[in-house]
Amino acid sequence: MRKMAESEEEVDVLVQRVVKDIANAFRRNPNIDEIGLIPCLEARYNRSPIVFVENKLGVESWCVKLLLPCVHSKLVLYRQRKLWLDRDALTDLTCTLLLLNPDFTTAWNVRKELVQLGALDPFKDLYLGKLALTKFPKSPETWIHRRWVYQKVVQEACLPNLRNNANLGVLSTEQMHRIIQDEMAVCTDAAGRYPSNYNAWSHRIWILQHVAKCNLKILLDELSNTKYWVSTHVSDHSGFHYRQFLLKSVAGSSRNAAIATAGGLVRKSSSKDLCASQSTPAKEEGMSAETYTVDVPLMIEEEMELCTDLIESYPGHEALWCHRRCVFYLWHCWNRERLQVLSDPSKRSDGTVDNVQMATSDSYSFQGMDVDGVADTAKQGYTQETKRLKRGPSLDLNSLLEEHRFIDTILANCTNIEQARFASAYRKWLDVAIGQ
């Protein structure tokens, strides 16, 4: 290639060459996992500005100022029906454009049309978006397009295959779980590339809600998988907000099954598969589906212990104190609801106990107030003891007293001004929002 393109014809030839080189790079190397710009003010050698090294695709920056306007103009002309492009040319053109500017909505819309026409594999579109996010991890249009693709994938996966007269989805449950795991990895990578990447974490929540259908096992796996991440990103509010969503979802999911009475956090039982809410039962797919019951008090206690360790190890980070506040409030609400059910016999009779799942594990069984020195656990219905239960201590785990002791310990040994300020604010919140 020449050092500089001096005419429109030369620019057009250059652009065609670069678009072709990028397309050929993907065909020859399907394992490309990252893209980037190579700082280069001008073309120093008579060669392609596309560089490929160890599954990394680089574009010399000198050609971008010539490449972007040209491919952008061609795509606009195509949308205005002033220029005809075949499907292969459209695929290559939009691929080049989106790798350099993934927030160009028109290019994503063109690829949506190609997917709907069957001219483009939706998983190739996900792969393109994954590469774009390595360079632009917060790109909102890229995340929006990924959600559109996943909606289409889920719809097709859960629809019966009418041609073969068999109730077999396009994707099995294992394949769907693998897709979810891959998408979680994409979100984790993007969150690590851009601090407090709200777009990535919000997309992750969307995947759990609309693709995973808040499957309890997947929620628990996410709690485990993100624990190390938040421990190494203690200032990232978005990551902790994601864990708050997981905790609330797990506590809510436990309403559909009895809380485990064993010492562990979870246990298995039979249930339907991931797409059960759509139409296809697990038995028809030949899959062994499982659901999990949860010990909510133990789960919240472990999260509070994580907060304690991080606050003590990394003083002065507001995100940690905000997370502790949310976790404690979740426990407060969950435990208050449990006590209301235990103390109200009318809710027992209409099945509310099953809805809110107020049973706890052996380690955290509720101990009622010993009225007049006698606690008759065999009593049923609305008794004087259950009436006074409402006036008893509302928290038996991580109580207000324990939280105040924790704050006092922090303040007594605190040398960080911000840490002292956050601890004082947390104590004030406890007194105002919880203590009353």
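Because the structure is a prediction, the values reported are computed rather than measured.

Conventions we followed
Residues numbered from 1 in each chain as written. Predicted model: local features only at pLDDT ≥ 70, side-chain atom pairs only at ≥ 80, totals over all residues. Heavy atoms only, no water. Helix = DSSP H or I, 4+ residues; strand = E, 2+ residues; numbered from the N terminus. Buried < 20%, exposed > 50% of the residue type's maximum accessible area, 1.4 Å probe, protein only. Contact = heavy atoms within 4.5 Å. Pairing = 2+ DSSP bridges. Axes fitted to C-alpha atoms, helices over the stretch in contact; angles between N-to-C directions. Parallel < 35°, antiparallel > 145°, perpendicular 65-115°, else oblique. Nonpolar A, V, L, I, M, F, W, Y, C, P; charged D, E, K, R; others polar. Phe/Tyr/Trp six-rings, centres within 6.5 Å; stacked < 30°, edge-to-face > 60°. Lys NZ or Arg CZ within 6 Å of the ring centre and 35° of its normal. Salt bridge = Lys/Arg side-chain N within 4 Å of Asp/Glu carboxyl O. Expected span 1.5 Å × (residues − 1). Bend = angle between axes of the 7 residues up to and from the residue. Polar contact = N/O pair within 3.5 Å; in protein donor to acceptor, adjacent residues only side chain to side chain. Patch = residues over 30% accessible without salt bridge, like charges linked within 9 Å, V, L, I, M, F, W, Y side chains within 5 Å. Areas by Shrake-Rupley, 256 points an atom, 1.4 Å probe, with all protein chains shown as cover. Lys, Arg positive; Asp, Glu negative; His and termini not counted. Charge placed at Lys NZ, Arg CZ, Asp CG, Glu CD. pLDDT = per-residue confidence, 0-100.

Within the protein, the secondary structure is distributed over 18 helices and five strands. Looking at the 436 residues of the protein, the share that counts as buried comes to 45%. Partitioning the contacts of the protein with sequence separation of at least 6, the portion at a separation of at least 24 is 66%.

Pairing within the open sheet is mixed, and its three strands lie in the order E1-E3-E2. Here the strands that pair on one side only, and so sit at the sheet edges, are strand E1 (34-38) and strand E2 (50-53). Sheet twist, expressed as the mean angle between neighbouring strand axes with direction ignored, is 25 degrees. Pairing between E2 and strand E3 (residues 56-60): four bridges, direction antiparallel. Pairing of Val-51 across the sheet is with Gly-58, part of E3.

The phi angle of most residues is negative, glycine excepted, and most peptide bonds adopt the trans form. Backbone geometry places Glu-54, a non-glycine residue, at a positive phi of 50 degrees. Judged by its relative accessible area of 68%, Glu-54 falls in the exposed class. Unlike most non-glycine residues, Asn-55 shows phi in positive territory, near 65 degrees. Of note, Asn-55 is situated in the loop between E2 and E3.

At a minimum axis separation of 9 Å, helix H1 (residues 8-28) and helix H3 (residues 87-100) run at an interaxial angle of 95 degrees. The orientation of H1 relative to H3 falls into the category roughly perpendicular. Listed contacts from H3 to Val-19, Ile-22, Ala-23, Phe-26 and Arg-27 of H1 are Asp-92, Leu-93, Cys-95, Thr-96 and Leu-99. Here the residues of the contact of H1 with H3 are counted per class, giving seven nonpolar, one polar and two charged.

We now examine the packing of aromatic side chains. Counting across every chain of the model gives eight aromatic pairs. Geometrically, the ring pair formed by Phe-26 and Tyr-127 is edge-to-face, given 6.2 Å between the ring centres and 90 degrees between the ring planes. In this pair, Phe-26 is assigned in helix H1 and Tyr-127 in helix H5 (residues 122-135), connecting sequence segments 101 residues apart. On the basis of relative accessible area, Phe-26 is assigned to the buried category, the value being 16%. Residue classification places Tyr-127 among the partly exposed positions, given a relative accessible area of 24%. Ring centres of Trp-201 and Trp-229 lie 5.0 Å apart, and the angle between their planes is 75 degrees; on these two criteria the pair is classed as edge-to-face. Residue Trp-201 is found in helix H8 (residues 198-210), and its partner Trp-229 is found in helix H9 (residues 216-231); the two are separated by 28 residues along the sequence. There is no split in this pair, since Trp-201 and Trp-229 are both buried. Over the aromatic face of Phe-406 sits the side chain of Arg-324, whose NZ or CZ is 3.9 Å from the ring centroid.

Turning our attention to the pattern of salt bridges. According to the stated counting rule, one finds 18 salt bridges in the structure shown. Note that Asp-408 is salt-bridged to Arg-427, the shortest N-O span being 3.2 Å. Within this pair, whereas Asp-408 is found in helix H17 (residues 400-412), its partner Arg-427 is found in helix H18 (residues 417-434), the two being separated by 19 residues in sequence. We classify Asp-408 as partly exposed; its relative accessible area is 42%. Because the salt bridges share partners, they merge into one network encompassing Asp-33, Glu-34, Lys-56, Asp-189 and Arg-193.

Examined against the element boundaries, Ile-38 turns out to sit in strand E1. Here Ile-38 is in contact with Val-51, Gly-58, Val-59, Glu-60 and Ser-61, once residues within four sequence places are set aside.

With that settled, the discussion passes to H9. In a regular helix each residue adds 1.5 Å, so 16 residues correspond to 22 Å; H9 covers 23 Å between its end C-alpha atoms and thus fits that length. Along its length, H9 shows its largest kink, about 30 degrees, at Asn-225. Here H9 has its buried residues at Leu-216, Ile-218, Leu-219, Leu-220, Glu-222, Leu-223, Thr-226, Trp-229, Val-230 and Ser-231. With a side-chain oxygen positioned 3.1 Å from the backbone nitrogen of Lys-217, the residue opening H9 is Asn-215.

Now for helix H12 (residues 296-313). The terminal C-alpha atoms of H12, which comprises 18 residues, lie 26 Å apart, in line with the 26 Å expected from a rise of 1.5 Å per residue. In terms of burial, H12 is a largely internal element, 13 of the 18 residues being buried.

A cluster of acidic residues, Glu-302, Glu-305, Asp-309 and Glu-312, forms a negative patch at the surface. By the element assignment, Asp-309 lies in helix H12.

The next subject is the side chain of Thr-134. Within the element layout of this structure, Thr-134 appears in helix H5. The exposure class of Thr-134 is buried, given its relative accessible area of 10%. At 3.3 Å, the side chain of Thr-134 and the backbone nitrogen of Ile-35 are in polar contact. Residue contacts for Thr-134: discarding those within four places in its chain leaves Asp-33, Glu-34, Ile-35, Asp-189 and Arg-193.

Between helix H6 (residues 140-157) and helix H7 (residues 173-193), the least distance of the axes is 12 Å, while the angle of their chain directions is 170 degrees. What the angle tells us is that H6 and H7 run roughly antiparallel. On H7, the residues touching Trp-143, Arg-146, Tyr-150, Val-154 and Ala-157 of H6 are Met-176, Ile-179, Glu-183, Val-186, Cys-187 and Ala-190.

Turning our eyes to something else, we now look at the confidence of the model for the protein. Overall, the predicted model of the protein reaches an average pLDDT of 79, with 73% of residues at or above 70. The weakest mean pLDDT in the protein belongs to helix H11 (residues 282-285) at 37; the strongest belongs to H8 at 97. This model gives residues 266-289 a pLDDT under 50, and the stretch forms 56 contacts once residues within four places in sequence are excluded. pLDDT under 50 marks residues 349-398. Its contacts with residues more than four places away, or in other chains, come to 92 contacts.

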